[in-house]
Amino acid sequence: MTRKLKVGVVGATGMVGQTFMNIIAEREFPIEELRPFASENSLGKKIELQGKLWPVQVLSENCFDGLDLVFFSSGDDISREWAPKAVASGAFAVDNSAAFRMDPNTVLIVPEVNGHLIHSDSKPQIIANPNCSTIQLVVALKPLMDKFGIEDVRVSTYQAVSGAGKEGHDELISQTSAQTKDDSINHTPKTFPHQILFNCIPQIGSFNEEGFCSEEVKIMTETRKILGQSDLKISAFTVRIPALNAHSESVWVTLKEEASRDQVVDALQSFSGLIVQDEPQKSIYPLARDVSGNDPVYVGRIHRDPEQPKTWLMWVVSDNIRKGAALNGIQIAEKIFKF
Ligand SMILES: NC(=O)c1ccc[n+]([C@@H]2O[C@H](COP(=O)([O-])OP(=O)(O)OC[C@H]3O[C@@H](n4cnc5c(N)ncnc54)[C@H](OP(=O)(O)O)[C@@H]3O)[C@@H](O)[C@H]2O)c1
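Residues numbered from 1 in each chain as written. Predicted model: local features only at pLDDT ≥ 70, side-chain atom pairs only at ≥ 80, totals over all residues. Heavy atoms only, no water.

Draft legend 1. Inspection of the nonpolar core at higher detail. Residues Leu144 and Met314 are the most contacted members of the largest nonpolar core, which totals 40 residues. Looking at which element gives the most residues to this core, the answer is helix 4 (residues 132–148), with 9 residues. Both domains that meet at this core, namely domain 1 (5–130 + 325–336) and domain 2 (134–319), each give it at least three residues. When near neighbours in sequence (up to four residues on either side) are disregarded, Met314 contacts Ala140, Leu141, Leu144, Glu249, Ser250, Val251, Val253, Leu268, Val299, Gly300, Arg301 and Ile302. Core analysis: the second largest hydrophobic core is formed by 33 residues, Leu34, Leu49, Ile330 and Ile336 among them. (Core = buried A, V, L, I, M, F, W, Y, C linked by side-chain atoms within 4.5 Å. Buried < 20%, exposed > 50% of the residue type's maximum accessible area, 1.4 Å probe, protein only. Helix = DSSP H or I, 4+ residues; strand = E, 2+ residues; numbered from the N terminus. Domains from an automatic or database assignment. Contact = heavy atoms within 4.5 Å.)

See below:
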């Protein structure tokens, strides 16, 4: 019989935390106890899971005692302070923030890609969940890397507002609703640097001296770490768009070997967790609205660059809250506990 787990979720009331609960229920993840954590604002709320109501708690000394697993989705500062405490109390900490991703002593896992790094005799430790845009990119790159080798990657993203959490999601909804009442309105941005409605914003995070924003740096550094290719040439450009959920990416990938289109498509569609949707003549390719709420990473518009025969273009779309965060975390937990 499968062992039931005692699980803590830090950020249980947030977009990722709520999706985590939904996926636990869908996959019948075996839970003996759920301990949901959130800010003081959520005290008094209860989270419903598997027919029971679990009261929301705030973080406090010894709050992780007795837990097997703690999932963190409350931002970098909270993870930095509390994930080591979860491990000290004997739990695995699956961390959705950026706090430990590039720590050389922490594994950064996408189960289909490098799940072998979670050993069967692993002791409680922090396991980092990558950035959402990185996860969908590496799922699409891994089969190409294994079959043909990868020389160079360029990626431009079109990222949904849900990637900025509840506040980002609500900002697009409230701007849309206000616009229907007064179409001359100029919206004051809160979460995003500019009005997101009717706009595209080429900034996600803050800029470094080289002109890259932090989301772009995450994609470049995390992709190299997950694929185990520290010399991979990769350049990213990230853009926030007024889609509600699911991130899209246009990707140029230069392979080490020449391949036919059939070989490239075959490699992609044989890979677990990846679905090819590619009939451009019928306008069939992955769309954020359709992909939202689904588990796989979708790829379409697969075609060769005629100027550079080893370079392939493709369109990669995935639900940033599911595979980009909560689902990937649960798949990590399934590997740790061998479900
Ligand atoms: N959204 C995405 O696509 C995505 C993808 C990958 C990774 N992530 C990462 O996941 C994390 C959460 O993202 P999200 O989108 O779920 O954000 P969110 O919707 O804004 O939720 C934030 C959560 O953190 C909780 N929180 C705030 N202060 C807290 C405190 N002092 N102690 C405990 N909990 C506290 C909030 O509780 P209250 O409700 O009480 O305020 C809420 O549950 C971030 O690190 C983000 O970078 C997000």
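Draft legend 2. Structural context of the domain arrangement of the protein. Once the domains are mapped, the protein shows domain 1 (5–130 + 325–336) and domain 2 (134–319). A separation of 25 Å is found between the C-alpha centroids of domain 1 and domain 2. Tallying the contact residues gives 19 residues for domain 1 and 19 residues for domain 2. Regarding the contact of domain 1 and domain 2, the summed buried area is about 1,500 Å², with carbon and sulfur atoms giving 68% of it. Scanning the region where domain 1 abuts domain 2 turns up 1 salt bridge. (Buried area = accessible area lost by both parts, 1.4 Å probe. Salt bridge = Lys/Arg side-chain N within 4 Å of Asp/Glu carboxyl O.)

Draft legend 3. Here's a closer look at the side chain of Ser318. Along the polypeptide, Ser318 turns up in strand 14 (residues 308–318). Once residues within four sequence positions are removed from consideration, Ser318 is found in contact with Gln136, Ala246, His247, Val291, Pro296, Val297 and Lys323.

Draft legend 4. The packing of aromatic side chains, seen in detail. Enumeration according to the criterion identifies 8 aromatic pairs in this entry. Ring geometry for Phe64 versus Phe72: centroids 5.8 Å apart, planes at 70 degrees, classification edge-to-face. Cation over ring: Lys85 sits above Trp82, and NZ or CZ is 4.4 Å from the ring centre. (Phe/Tyr/Trp six-rings, centres within 6.5 Å; stacked < 30°, edge-to-face > 60°. Lys NZ or Arg CZ within 6 Å of the ring centre and 35° of its normal.)

Draft legend 5. Examining the site of the ligand more closely. Close to the ligand lie 25 residues, the nearest being Thr13, Val16, Ser39, Ser42 and Asn320. At a separation of 2.5 Å, an oxygen atom of the ligand approaches a polar side-chain atom of Thr13. With respect to the ligand, the backbone of Ser162 contributes an N or O atom lying 2.9 Å from a nitrogen atom. Protein burial of the ligand: of its 910 Å² of free accessible surface, 78% is covered by the chains. Among the secondary structure elements, those contributing two or more residues to the shell around the ligand are helix 1 (15–26), helix 5 (165–181) and helix 9 (322–336). The residue makeup of the shell around the ligand, split by class, is 9 nonpolar, 15 polar and 1 charged. When residues are assigned to domains, the shell around the ligand turns out to be shared by domain 1 (5–130 + 325–336) and domain 2 (134–319), each giving three or more. (Near = heavy atom within 4 Å. Polar contact = N/O pair within 3.5 Å; in protein donor to acceptor, adjacent residues only side chain to side chain. Areas by Shrake-Rupley, 256 points an atom, 1.4 Å probe, with all protein chains shown as cover. Nonpolar A, V, L, I, M, F, W, Y, C, P; charged D, E, K, R; others polar.)

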